[in-house]
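Structure assessment
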Amino acid sequence: YESMRQLIEVSRPSDADSLSAQSWPVWSCAAEPDPCGTFVESRWWDTRPGVAEERCLIIAGRATLEIDGEQDVVIQAGDWVIFKAGFSCKWHVEVDISKHYEYFHFAGKQWTSSE
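What you are looking at is a predicted structure, and each value in this text was computed from that prediction instead of being measured.

Take the pattern of salt bridges next. Under the criterion given, the structure shown has 7 salt bridges. Close ionic contact of Glu9 with Lys84 constitutes a salt bridge, the shortest N to O distance being 3.1 Å. Linking Glu9 in strand β1 (residues 8-11) with Lys84 in strand β6 (residues 80-84), this pair joins segments that are 75 residues apart in sequence. Residue class for Glu9 comes out partly exposed when judged on its relative accessible area of 37%. A relative accessible area of 23% places Lys84 in the partly exposed class.

Below, the structure is given as structure tokens:
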């Protein structure tokens, strides 16, 4: 059994990470009580062969990630978040949230949909 907490990292972004994230797509979600504000993390790695992690720069908002049997994780504007393949949680978006995001291989190379 691997702890879900080992599959997520939350930190402050390096200058290089902040800069590279600016060119990544943006995902946004409305806060609760909007029904969109509560959802289960998708299994994004299933449809992207070779992907090891999703890297995100949270640019607005706040959410609590509820992990079964473990301490919740809070992410908010300014955080650099790395979700590793296999991570599972239930999102509770408390303040409308937006993030830049991109997918990466185990070796750290950016994943592309043409692969």
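Turning to its location among the elements, Val95 is positioned in strand β7 (residues 90-105). By relative accessible area, which is 45% here, Val95 ends up partly exposed. Separated by 19 residues in the primary sequence, Val95 and Gln76 place their C-alpha atoms 8.8 Å from one another. In contact with Val95, other than residues within four places in its own chain, are Ala31, Gly61 and Arg62.

Turning our attention to unusual backbone geometry. The step from Glu32 to Pro33 runs through a cis peptide bond, and the omega angle for that step is 10 degrees. With respect to the secondary-structure elements, Pro33 resides in the loop between β2 (26-29) and β3 (38-40).

With that out of the way, let us pick up the packing of aromatic side chains. All chains considered together, the criterion is met by 11 aromatic pairs. Here Trp27 and Trp91 contribute two aromatic rings whose centre-to-centre distance is 5.6 Å and whose plane-to-plane angle is 65 degrees, an arrangement assigned as edge-to-face. Here Trp27 is found in strand β2, whereas its partner Trp91 is found in strand β7, with 64 residues between them in sequence. Judged by relative accessible area, Trp27 falls into the partly exposed class, the value being 27%.

Positionally, Glu53 belongs in strand β4 (residues 51-66). A relative accessible area of 12% places Glu53 in the buried class. A polar atom in the side chain of Glu53 sits 2.6 Å from the side chain of Arg55.

Right, let's talk about the pairing of strand β5 (residues 73-76) for a bit. Burial along β5 is one-sided: Val73 and Ile75 are buried, while Val74 and Gln76, pointing the other way, are not. Sheet topology places β4 next to β5; 4 bridges connect them, and they run antiparallel. Bridge pairing in β5 places Ala63 opposite Ile75. Counting the residues in the hairpin turn of β4 and β5 gives 6 residues, including Gly69, whose phi is positive at 70 degrees.

Reading guide: rules and limits
- Residues numbered from 1 in each chain as written.
- Predicted model: local features only at pLDDT ≥ 70, side-chain atom pairs only at ≥ 80, totals over all residues.
- Heavy atoms only, no water.
- Salt bridge = Lys/Arg side-chain N within 4 Å of Asp/Glu carboxyl O.
- Helix = DSSP H or I, 4+ residues; strand = E, 2+ residues; numbered from the N terminus.
- Buried < 20%, exposed > 50% of the residue type's maximum accessible area, 1.4 Å probe, protein only.
- Contact = heavy atoms within 4.5 Å.
- Phe/Tyr/Trp six-rings, centres within 6.5 Å; stacked < 30°, edge-to-face > 60°.
- Polar contact = N/O pair within 3.5 Å; in protein donor to acceptor, adjacent residues only side chain to side chain.
- Pairing = 2+ DSSP bridges.

None of this, on its own, says anything about what the molecule does.
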